Amino acid sequence: MMKKKISRLRRAKRGRMKTMELEAIRLCVHRTPRHIYAQVISADGAKVLTSASTLDKKIQGKVKSTGNIEAAQLVGKILAERALSVGIQKVAFDRSGFVYHGRVKALADAAREGGLLF
């Protein structure tokens, strides 16, 4: 593996261990140059409670490009709606080792505005 990816996975592992220690439901984000994915995962890490991504039909029709901040904001908003409908209000944000900047930050801010508490 590349050194950059190894460093990201190391950062991700450290954050995940802390959220598992706190036994918190977590909002996990993964990004690629083309898409962004977000999942709300149970406290034990065994079950995905809800998810949203730029691959959803609901999102693809609304955005011109799926690899930008606008698409990430839409994913965050839809994920917050879905989480609230399932009964989840408080989550721990897991950035998966990605820098809290750009699309990752836009998704988190949109989820916060949608009603999720971090």
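Being a predicted model, the structure only gives us computed values, none of them experimental. (Residues numbered from 1 in each chain as written. Predicted model: local features only at pLDDT ≥ 70, side-chain atom pairs only at ≥ 80, totals over all residues. Heavy atoms only, no water.)

1. So, the side chain of His35
Position of His35 among the secondary structure elements: in the loop between β1 (26–31) and β2 (36–41). What makes His35 buried here is its relative accessible area of 13%. (Helix = DSSP H or I, 4+ residues; strand = E, 2+ residues; numbered from the N terminus. Buried < 20%, exposed > 50% of the residue type's maximum accessible area, 1.4 Å probe, protein only.)

2. Concerning the sheet that holds strand β3 (residues 48–53)
Here we have 4 strands laid out as an open sheet, ordered β3-β2-β1-β4, and mixed in their pairing. This sheet does not close on itself; its edge strands, each paired only once, are β3 and β4 (92–94). Adjacent strand axes in the sheet meet at a mean angle of 20 degrees when their direction is disregarded. Bridge count between β1 and β4: 3 bridges; the pairing is parallel. Among the inter-strand pairings, Cys28 is bridged to a residue of β4, identified as Asp94. Where helix α1 (residues 3–22) meets the sheet, it contacts β1 and β4, and its direction lies at approximately 170 degrees from that of β1. Across the sheet, helix α3 (residues 69–86) touches β1, β2 and β3, and the angle it forms with β3 is around 155 degrees. (Pairing = 2+ DSSP bridges. Axes fitted to C-alpha atoms, helices over the stretch in contact; angles between N-to-C directions. Contact = heavy atoms within 4.5 Å.)

3. Focus: the pairing of β2
With 6 bridges connecting them, β1 and β2 associate as antiparallel partners. Counted as the bridge partner of Leu27 is Val40 from β2. The antiparallel hairpin formed by β1 and β2 contains 4 residues in its connecting segment. Two strands pair when backbone bridges link them, and β2 and β3 are joined in this way by 5 bridges, in the antiparallel orientation. Bridged to Gln39 within β3 is Ser51. Counting the residues between successive antiparallel strands, the hairpin from β2 to β3 contains 6 residues, one of them, Gly45, with a positive phi of roughly 80 degrees.

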